[in-house]
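Examination of the molecular architecture
For reference, the chains in residue letters:
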Amino acid sequence: RTLGEEHQDTLNSIGNVGRFLQHVGRLDEAESFLREALERKVEVLGEDHPDTMVSINNLGVLLQSQGKHEEAERSFRSAMEKCRRVLGPEHPNSLITTVNTGAVLVALGRFQEALDLLAASEQAVRQGFSGISAAWHAKCQLNLGLAHAALGHFAATERTLREAHGTFLEVRGAEHRDTRICLTA
């Protein structure tokens, strides 16, 4: 039995193929699948459906990995604003999209804006994620540290990067890219 082209699981599967292609480095193909998943979810589920918001965020992740930071910011901001409005500001999806928005602002060199956004959400991110999910808090801390460093706030840089490093070391290991970035920032 097939679920049909408009079934939520079918739509999620299209996005999953895109995320797999991204993971194996086939970024152009991944973008095609992620855009298709998003377009079809908007049509079938609507813009305010949680799965649609996840797809907007996932497209942003891909765009950022492609170096398309301005377009990634638009995706992350859209997902963040929808998640906050529909799910509430402390919902895990709202916090994830906030951290991703902050990270792309750092990549764009908009350090004060990133600092303001991430600092306002840092406690909620800390409280919302633990265990293996603590990497989200570490990513928040990493980008806070990078923003602090760029703005010349060296004491805050050291504090936030030390905390991020400790968490990344615990949940991702010493060789992971994010763990190493904490040491070189």
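Calculation notes
- Residues numbered from 1 in each chain as written.
- Predicted model: local features only at pLDDT ≥ 70, side-chain atom pairs only at ≥ 80, totals over all residues.
- Heavy atoms only, no water.
- Core = buried A, V, L, I, M, F, W, Y, C linked by side-chain atoms within 4.5 Å.
- Buried < 20%, exposed > 50% of the residue type's maximum accessible area, 1.4 Å probe, protein only.
- Helix = DSSP H or I, 4+ residues; strand = E, 2+ residues; numbered from the N terminus.
- Contact = heavy atoms within 4.5 Å.
- Patch = residues over 30% accessible without salt bridge, like charges linked within 9 Å, V, L, I, M, F, W, Y side chains within 5 Å.
- Areas by Shrake-Rupley, 256 points an atom, 1.4 Å probe, with all protein chains shown as cover.
- Salt bridge = Lys/Arg side-chain N within 4 Å of Asp/Glu carboxyl O.
- Lys, Arg positive; Asp, Glu negative; His and termini not counted.
- Charge placed at Lys NZ, Arg CZ, Asp CG, Glu CD.
- Expected span 1.5 Å × (residues − 1).
- Bend = angle between axes of the 7 residues up to and from the residue.
- Arc of directions from axis to C-beta.
- pLDDT = per-residue confidence, 0-100.

This paragraph deals with the nonpolar core. Side chains of a nonpolar character, in soluble globular proteins, are inclined to be buried together. Leu95, Val125, Phe129, Cys140 and Leu144 are the most contacted members of the largest nonpolar core, which totals 16 residues. At six residues, helix α6 (residues 111-128) tops the list of elements feeding residues into this core. In contact with Val125, not counting residues within four places along its chain, are Leu95, Val99, Trp136, His137 and Cys140. Counting twelve residues, the second largest nonpolar core, distinct from the first, contains Leu63, Ala72, Ala79 and Val104.

The next subject is a negative patch on the surface. A cluster of like negative charges, contributed by Glu5, Glu6, Glu39 and Glu43, occupies part of the molecular surface. Following the sequence through the fold, Glu39 ends up in helix α2 (residues 27-44).

All right, on to α6 then. Compared with the 26 Å implied by 1.5 Å per residue over 18 residues, the 24 Å span of α6 between its first and last C-alpha is a close match. Helix geometry: α6 is bent most strongly at Glu122, by close to 50 degrees. Listed in full, the buried residues belonging to α6 are Ala114, Leu115, Leu117, Leu118, Ser121, Glu122, Ala124 and Val125. Structurally, α6 contributes buried residues whose contacts are with α4 (69-87), α5 (92-107) and α7 (135-150).

Every buried residue of helix α9 (residues 177-184) is listed here: Asp178, Thr179 and Cys182. On an axial view of α9, the arc spanned by its buried residues comes to 110 degrees, and they lie on one face. Among the exposed residues of α9, those pointing more than 90 degrees away from its buried face are Arg177, Leu183 and Thr184. Residues of α9 that are buried in the fold lie against α7 and α8 (154-172).

This part covers the confidence of the model for the protein. In the predicted model, the protein carries a mean pLDDT of 95, and 99% of its residues have values of at least 70. α4 holds the highest mean pLDDT among the elements of the protein, 98, whereas α9 holds the lowest, 92.

Now for the pattern of salt bridges. Pairing between side chains becomes possible if they bear opposite charge and their charged atoms approach one another. Across all of its chains, the model carries 16 salt bridges by this definition. Glu163 is paired through a salt bridge with Arg126; the nearest N and O atoms lie 2.6 Å apart. Residue Glu163 is found in helix α8, and its partner Arg126 is found in helix α6; the two are separated by 37 residues along the sequence. Accessibility expressed as a relative area gives 26% for Glu163, which makes it partly exposed. Look at Arg126 and you get partly exposed, because its relative accessible area is 33%. When salt bridges that share partners are traced, they join Glu31, Arg35, Lys68 and Glu71 into one network.

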